[in-house]
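Below, each chain spelled out in residue letters.
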Amino acid sequence: MRLAAFLICFGSVAISQQTAQDAAAQLQAAQEQLQAATSARDRISALTETVQAYEAGLAAMREEQRDIALREAILADELILRREEFAQLLGVLSAMSKTPLPVLRAHPQGPVNTARAGMLVADVTPGLEAEVSRLNTLLEQTQTLRASQETAAQTLTDGLQGAQTARAALGQAVSQRTDLPARFEDDPVQTALLVASAQTLGDFAAEMADARPDETATLTADGSLPLPVVGVVLPDDASGRPGVRIGAPPRALVTAPAPATILFQGPLLDYGTVVILEPAADVLFILAGFAEVFGQAGQVLPEGAPIGLLGDGTGFNDGILTENLGNAAGQQAQALYLEVRQGQGPVNPDAWFALE
């Protein structure tokens, strides 16, 4: 197993360097996109694409960092193992070199075995030279990986700063946007009363939809809508809630999966910050788990419009899942809750969304 891991590691250094370069190129392209977005005609669309480009580049770079660390650990273990074997062999040869020649030639089993011992020593010498060469190669590979890791770490730091700048610019642009149509004017008092009297998320959503019916928008359930956030659908939990949770990196951008009206956005029950979208009559998409939301109730969002950002505080660390999300060490994944309601009750989200 150790040998197989070593061979895989040894043969993947060039690939690793290429992958790191590709990830760095993604982040560089995102930086250029951010600079262009400041003067773009449609800044919100451009900044949305920029944030998504940063997220893709950061995920690739985090994954590359983990791979580099794993390869370096394998190489270090192999180097230690070979050094120990090499040291033992050198110790034997050193002891033999200090043995007086008459004693060395006087093999207990006769002159023939003395000759054989000499031949074995002669055979060991080329092997030692090959082992020394291989140890040097291992050392060089380890040094190369360490340099790559340092470069990747700096690139990741720069990318995180760029992503933060892009998200802040996006939030500011959304707050200043005036081009979105509004289907209704939000009544803060009425909304506050509905929130205060809400017993369940479903009842609240139904009351909001009844208060602001939309008979104009249409949308067909064919299971092809993209997820609102790039992530991994989590296994069912014990909450009994009819929706699904989508694990995503911290501060991930959530976008509208289809054209929809914002019926509500704000804290609700124990769901945290909730956004309720109405993409069609009698159809609601309920999203929860935001740290920051964009837009206002009543606005009609186009497909792909930014809705908000997930948090970066308390989350969860779920081993393989966290690795799949491309998170660096110490970063906990966040979860977006997605529930679909149609008619009088919840329906399986896979009727609308491509969950796999």
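Note on numbering: residues in each chain are counted from 1, in written sequence order. Per-residue local features are limited, in this predicted model, to residues with pLDDT of at least 70; the limit for side-chain atom pairs, both in listing and counting, is 80 or more; totals at the level of whole chains, interfaces and linings are taken over all residues. With hydrogens and water set aside, each side-chain value is computed from the structure's full complement of heavy atoms.

Brief notes about the overall build of the chain
- Within the chain, the regular secondary structure consists of eight helices and ten strands.
- Exposure categories follow from relative accessible area, calculated using a 1.4 Å probe and restricted to protein chains: below 20% of the type maximum is buried, above 50% is exposed, and the middle band is partly exposed. Relative to its 356 residues, the chain shows a buried fraction of 40%.
- Counting contacts in the chain only where the partners sit at least 6 residues apart, residues at least 24 apart contribute 72% of the total.
- Taken as a whole, the chain presents about 18800 Å² of accessible surface, with 54% of it coming from carbon and sulfur. Under the scheme used here, helices are H or I runs from DSSP no shorter than 4 residues and strands are E runs no shorter than 2 residues, and both carry numbers assigned from the N terminus. Contact criterion: two residues are considered in contact whenever any of their non-hydrogen atoms come within 4.5 Å of each other. Surface exposure here means Shrake-Rupley accessible area, sampled with a 1.4 Å probe, where a residue is shielded only by the protein chains that are shown.

So, the pattern of salt bridges
- The working definition used for a salt bridge is a side-chain nitrogen of Lys or Arg within 4 Å of a carboxyl oxygen of Asp or Glu. Within this structure, the stated rule accounts for four salt bridges.
- Here glutamate 55 makes a salt bridge to arginine 167, at a shortest N to O gap of 3.6 Å. Here glutamate 55, found in helix 3 (residues 43–97), pairs with arginine 167, found in helix 5 (residues 111–175); they are 112 residues apart in sequence, far enough to count as distant.
- Residue classification places arginine 167 among the buried residues on the basis of a relative accessible area of 12%.
- One salt bridge connects glutamate 339 with arginine 341, and the closest N-O pair in it is separated by 3.1 Å.
- By relative accessible area, which is 2% here, glutamate 339 ends up buried.
- Judged by relative accessible area, which is 13%, arginine 341 ranks as buried.

Some thoughts on the packing of helix 6 (residues 188–197) against helix 7 (residues 201–211)
- Angles run from 0 to 180 degrees between N-to-C directions of axes, and those axes are lines fitted to C-alpha atoms, restricted for helices to the stretch in contact. One way to put it is that helix 6 packs onto helix 7 with a least axis distance of 10 Å and a crossing angle of 155°. Classified by the angle their axes make, helix 6 and helix 7 are roughly antiparallel. In this structure, helix 6 crosses over helix 7, and the sense of that crossing is right-handed. Between helix 6 and helix 7, the residues in contact are Gln190, Leu194 and Val195 and Phe204, Glu207, Met208 and Ala211, respectively.
- Residues that form the contact of helix 6 with helix 7 fall into these classes: five nonpolar, one polar and one charged. Angle categories are assigned with fixed cut-offs, so that under 35 degrees is roughly parallel, over 145 is roughly antiparallel, 65 to 115 is roughly perpendicular, and the rest are oblique. The sense of a crossing depends on the near helix, which, turned anticlockwise from the far helix by less than a right angle, makes the crossing left-handed and, turned clockwise, makes it right-handed. In the scheme used here, Gly and all other residues not listed as nonpolar or charged are polar, with Ala, Val, Leu, Ile, Met, Phe, Trp, Tyr, Cys and Pro taken as nonpolar and Asp, Glu, Lys and Arg as charged.

Notes on the pairing of strand 4 (residues 260–267)
- Strand 4 sits mainly inside the fold: six of its eight residues count as buried.
- Sheet analysis places strand 4 next to strand 5 (residues 273–280), joined by six bridges and oriented antiparallel. Bridge assignment links proline 267 to a residue of strand 5, and that residue is threonine 273.
- The hairpin turn running from strand 4 into strand 5, its antiparallel successor, is five residues long, and leucine 269 in that turn takes a positive phi close to 50°. In this scheme, strands are said to pair when DSSP sees at least two bridges between them.

Some details on the packing of aromatic side chains
- We call Phe, Tyr and Trp rings a pair once their centres come within 6.5 Å, taking the six-membered ring for Trp, and we label the pair stacked below 30 degrees between planes, edge-to-face above 60, and tilted otherwise. This structure, assessed with the given rule, holds four aromatic pairs.
- Note on phenylalanine 204 and phenylalanine 264: the rings are 4.8 Å apart at their centroids and 75° apart in plane angle, and the pair reads as edge-to-face. Highlighted residues: phenylalanine 204 in helix 7 and phenylalanine 264 in strand 4, separated in sequence by 60 residues. Across the pair, exposure class does not vary: phenylalanine 204 and phenylalanine 264 are buried alike.

Points about a negative patch on the surface
- Within the patch definition used here, like charges are joined within 9 Å and nonpolar side chains (Val, Leu, Ile, Met, Phe, Trp, Tyr) within 5 Å, considering only residues with over 30% relative accessible area and no salt bridge. Think of it this way: Lys and Arg go in the positive column, Asp and Glu in the negative one, and His and the chain ends go nowhere. In plain terms, the charge of a residue is placed at NZ if it is Lys, CZ if Arg, CG if Asp and CD if Glu. On the surface, a cluster of negative charge is contributed by Asp203, Glu207, Asp210 and Asp282.
- As for its position among the elements, aspartate 282 is in the loop between strand 5 and strand 6 (283–293).
- The class of aspartate 282 is exposed, set by a relative accessible area of 56%.

Side note on unusual backbone geometry
- Its identity is not glycine, yet arginine 251 carries a phi of approximately 65°, on the positive side.
- Within the secondary structure, arginine 251 is located in the loop between strand 2 (244–248) and strand 3 (253–255).
- The exposure class assigned to arginine 251 is partly exposed, which follows from its relative accessible area of 23%.

A short note on the nonpolar core
- For the purposes of this section, nonpolar cores are sets of buried Ala, Val, Leu, Ile, Met, Phe, Trp, Tyr and Cys residues that join through side-chain atoms within 4.5 Å. Residues Leu277, Ile307 and Phe353 are the most contacted members of the largest nonpolar core, which totals 30 residues.
- Listed by contribution, the elements that provide at least two residues to this core are strand 2, strand 4, strand 5, strand 6, strand 8 (306–310) and strand 9 (334–342).
- Per element, the largest residue contribution to this core is four residues, and it comes from strand 6.
- Aside from chain neighbours lying at most four places away, what touches phenylalanine 353 is Gly223, Leu225, Pro226, Leu227, Pro228, Pro257, Phe285, Leu338 and Val340.

A short note on the pairing of strand 8
- Of all five residues in strand 8, five are buried; the element is thus mostly enclosed.
- Pairing analysis gives three bridges linking strand 3 to strand 8, with the strands arranged antiparallel. Among the inter-strand pairings, valine 254 is bridged to a residue of strand 8, identified as glycine 308.

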